[in-house]
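Spelled out from the first residue to the last, the chains are:
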There are 2 protein chains.
Amino acid sequence: MGSLDPSLISGLPVFEGLSPTDLDRIVGQARSLRIARDQPVFEQEQEAHSFFLLLDGHVRVVKSTPDGQEVTVRYISPGELMGIAHALGRTTYPANAMAAVDCVALAWPSRLWPAFAADYPSFGANTYKVVGSRLQEAHSRVIELATEQVEQRVAHALLKLVNQAGKKTEEGILIDFPITRQNIAEMTGTTLFTVSRLLSAWEDLNFVKGGRQKVTVVAPHQLLLIAEGRARKS
Amino acid sequence: MGSLDPSLISGLPVFEGLSPTDLDRIVGQARSLRIARDQPVFEQEQEAHSFFLLLDGHVRVVKSTPDGQEVTVRYISPGELMGIAHALGRTTYPANAMAAVDCVALAWPSRLWPAFAADYPSFGANTYKVVGSRLQEAHSRVIELATEQVEQRVAHALLKLVNQAGKKTEEGILIDFPITRQNIAEMTGTTLFTVSRLLSAWEDLNFVKGGRQKVTVVAPHQLLLIAEGRARKS
DNA sequence: CGCTCGTTTGACTTTCCTCAAATTGCGTGG
DNA sequence: CCACGCAATTTGAGGAAAGTCAAACGAGCG
């Protein structure tokens, strides 16, 4: 494999506080891999053999319920860790991870995890910070699901996606990977029909522009009003 | 203050792997405190001056939304840590903590946290394990809220409470602290009316026995059937 | 050019919330 | 010790939100 460009990697929050030498040592033990669109990066209940750092692309992390329903836990963006089961005290992955587009990632064998955390304290600390912030994120989602109505949750989800994967176009801000109404429904605990209706309504109001596996946000501020429940009900 | 009984404390999962000496050093720096029922232990957005270990009682952890709705994040049982904002990379508490009954806790100044984690690695590791397991818990709640209906969520909540604070009585398993329909509603993202209706229905079926600020679970297995959606709808 | 799969839309149903009103349990002060 | 009053609870009626299902449409790929 070709050697990795260090400039892509240093400067990521995960590696903050590491000396260049340590960084090299860590990255040197990774293998880099390519995951094609719609291919799994890892699967729920599988033995967690590796943990990953996404370098390019977007990964959808989905949990399946026993009865086959799916809930999207989060989208991973470039620079984020994923599959860090061991930092949660698990030996299996807690969810499925699917490449939403063609992706590039680094992978380390999970068995290196304890040594990394011990030998490079700031790497360990940074990782735990990630876990901490994901806990807070998860709590926000609990609050949202418990207190907001579907309309607000879908608006929130779109705004989150825009912040995370928004790409400026002439029409507005495009969510820069293929995403279906069903995907949005799985992020917000609703059905694809309800999402479709909402998007249609918002398209009539010129807040968004839809498309097949595509959403462009035209008026983020209007969506924010809806998300916060401050929009007048028609 | 009277010296603390070490036998109460050693043997807690948080202190697993610590030498008796280290344990003493840690506990020696704690102050113990009593919190009267319905008094706050700490409050949302407050500077996180301390973190706590609950020794006796039960603490309700509640997050308030900007518009005044409340969501119960979890109940803390004896032996559990709370207020560990610093382990999440925060300097303020993310929620309100209220004593559900008269409580006893140990408190450490938050500024000791980094030193503890560094000097007593297993304490640090145990704490991060706590954060990891709370992340997984939070994810389960997201799944529940996104996929289950109210009936299932309330049944799940009761079962969780029974496991955590159940006390065997002649009538069944009593949830051993005062809890209102409103409290249960805040755990499950519903209203006190719906909870009341469900409990009334279940009381008719002899699955539970209600009371003012009191719930006794008579037939946990039946509740489990409801929680898993395997109960025949009447 | 046709087929597949995502999307839209309508009609209908169900679940759950909202609000009002009555009722009950329990602690407190007379 | 009892009555009062507060707060929790119950119950009903009505309505709103969102789910279900069926059917048709349309975009993009091979």
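Here the structure is a predicted model, which is why all the values come from computation and not from measurement. (Residues numbered from 1 in each chain as written. Chains lettered and ligands numbered in written order. Predicted model: local features only at pLDDT ≥ 70, side-chain atom pairs only at ≥ 80, totals over all residues. Heavy atoms only, no water.)

Novice: Outline empty space enclosed by the protein, listing residues and values.
Specialist: The gaps of empty space that remain are located by a probe, the size of a water molecule, rolled over the atoms. Throughout the structure, instances matching the rule amount to two cavities of 30 Å³ or more. The space that makes up the largest cavity amounts to roughly 240 Å³. What lines the largest cavity is a set of 17 residues, and nearest its centre among them are H139 of chain A together with V61, L88, P94 and R134 of chain B. Counting residues per element, the ones that place at least two in the lining of the largest cavity are helix 4 (121-147) of chain A together with strand 4 (59-64), strand 5 (70-76) and helix 4 (121-147) of chain B. (1 Å grid on protein atoms, 1.4 Å probe; cavity = no way out; pocket = protein on both sides within 12 Å on 5 of 7 lines; lining within 4 Å. Points joined across faces, edges and corners; volume = space filled by probe spheres on them. Helix = DSSP H or I, 4+ residues; strand = E, 2+ residues; numbered from the N terminus.)

Novice: Please set out the packing of helix 4 of chain A against helix 5 (residues 150-165) of chain A residue by residue, giving values where relevant.
Specialist: Packed helix pairs are characterised by how far apart their axes lie and by the angle those axes make with each other. All names here are of chain A. Two elements in contact, helix 4 and helix 5, have axes separated by 10 Å at closest approach and are oriented at 150 degrees. Viewed along their axes, helix 4 and helix 5 adopt a mutual orientation that is roughly antiparallel. Where helix 4 abuts helix 5, its residues R141, E144 and L145 lie against R153, H156 and K160. (Axes fitted to C-alpha atoms, helices over the stretch in contact; angles between N-to-C directions. Parallel < 35°, antiparallel > 145°, perpendicular 65-115°, else oblique. Contact = heavy atoms within 4.5 Å.)

Novice: An account of the interface of chain B and chain A is needed here, citing residue identities and associated values.
Specialist: Size of an interface, as often reported, equals the accessible area lost when the parts are brought together. Facing 22 residues of chain B, the contacting portion of chain A comprises 22 residues. Both faces combined, the contact of chain B with chain A buries some 2,400 Å², and carbon together with sulfur accounts for 78% of it. Scanning the region where chain B abuts chain A turns up zero salt bridges. In this assembly, chain B and chain A are joined by four residue pairs in polar contact (both at pLDDT 80 or more). Elements with a contribution of two residues or more to the side of chain B that touches chain A: strand 5 and helix 4 of chain B. Top contributing element to the side of chain B that touches chain A by residue count: helix 4 of chain B, with 14 residues. (Buried area = accessible area lost by both parts, 1.4 Å probe. Salt bridge = Lys/Arg side-chain N within 4 Å of Asp/Glu carboxyl O. Polar contact = N/O pair within 3.5 Å; in protein donor to acceptor, adjacent residues only side chain to side chain.)

Novice: Could you give an account of the UniProt feature "domain: HTH crp-type" (unreviewed entry) in chain A, naming the residues involved and the relevant values?
Specialist: Within this numbering scheme, the UniProt entry marks residues 148-221 of chain A as carrying the feature "domain: HTH crp-type" (unreviewed entry). Segment residues 148-221 of chain A splits into 53% helix and 19% strand. End C-alpha atoms: 18 Å apart. (UniProt positions renumbered as here; feature names shortened; annotations may be inferred.)

Novice: Describe the protein's contact with DNA strand C, and please don't skip the residues or the numbers.
Specialist: Around DNA strand C, the surrounding shell holds 19 residues, and the nearest of these are R181 and S196 of chain A together with V150, T190 and T194 of chain B. Counting only the atoms of DNA strand C within 4 Å of the protein, the fraction contributed by sugar and phosphate is 56%. Take R197 of chain A: an N or O atom from its side chain is 2.9 Å from a base oxygen of DNA strand C. For the surface near DNA strand C, the secondary structure elements donating two or more residues are helix 7 (192-204) of chain A together with helix 7 (192-204) of chain B. The leading source of residues in the surface near DNA strand C is helix 7 of chain A, at five residues. (Near = heavy atom within 4 Å.)

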